[in-house]
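Structure assessment
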Amino acid sequence: MKNKLLIVIIVVILIIGLFFYLVYSKNIKLRKLEKEVFNIELPQDIERVAIKSAIGDSGGNGDYSTCRVILLVKTEITIDELRQKFENMNLKFQNNYKNYENIPIFYITHCESSIFKSSRSFSIEFEELKGINDYRDYYFIEFVE
């Protein structure tokens, strides 16, 4: 009887330990991606307004394990010009946040409110946009891992 109880306790401890390890390792990956995005040197005509990050759904298997960092920028250039500038920056991240050409995966969307909403069921609110009535010069740049 004591041996069975001991085995149950060990299994429970292992499951709890595995859970904390998975959560902790995802947070480490998220912080590394956030640091890499924060360290991007932006051109003079692009102003960094804020950076937010979270772990969310990728839309694939529903395990909510996709790291996302959202860079909010302000610029008077068009979305196509902004995309071209980011593509021309030749960004290289040290970690695995890239496509097959070692370029970080990012998506640029025009800001329409204080809430960033990805194409998947994922959103982040930016307090920095509260009180803004004209979002014309604001863009969300979403980096995904």
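A quick note: this is a predicted structure, and the numbers were derived from the prediction, not measured.

1. A few points about the environment of Val 49
Relative to the helices and strands, Val 49 is located in strand E1 (residues 47-56). When its relative accessible area of 26% is taken as the criterion, Val 49 is described as partly exposed. For Val 49 and Lys 74, which are 25 residues apart along the polypeptide, the C-alpha to C-alpha distance reads 6.6 Å.

2. Let's talk about the pattern of salt bridges
Per the stated rule, a full pass over the model turns up six salt bridges. Two residues, Arg 31 and Glu 34, come together in a salt bridge whose shortest N-O distance is 3.4 Å. Here the residue Arg 31 and the residue Glu 34 both occupy positions in helix H1 (residues 2-38), the gap between them amounting to three residues, near one helical turn. With a closest N to O distance of 2.7 Å, Asp 45 and Lys 85 form a salt bridge. Pair noted here: Asp 45 is in the loop between H1 and E1 and Lys 85 is in helix H2 (residues 79-88), with a separation of 40 residues, a long-range link. Since its relative accessible area comes to 33%, Asp 45 is described here as partly exposed. Among the residues examined, Lys 85 registers a relative accessible area of 30% and is labelled partly exposed.

Rules and cut-offs
Residues numbered from 1 in each chain as written. Predicted model: local features only at pLDDT ≥ 70, side-chain atom pairs only at ≥ 80, totals over all residues. Heavy atoms only, no water. Helix = DSSP H or I, 4+ residues; strand = E, 2+ residues; numbered from the N terminus. Buried < 20%, exposed > 50% of the residue type's maximum accessible area, 1.4 Å probe, protein only. Salt bridge = Lys/Arg side-chain N within 4 Å of Asp/Glu carboxyl O.

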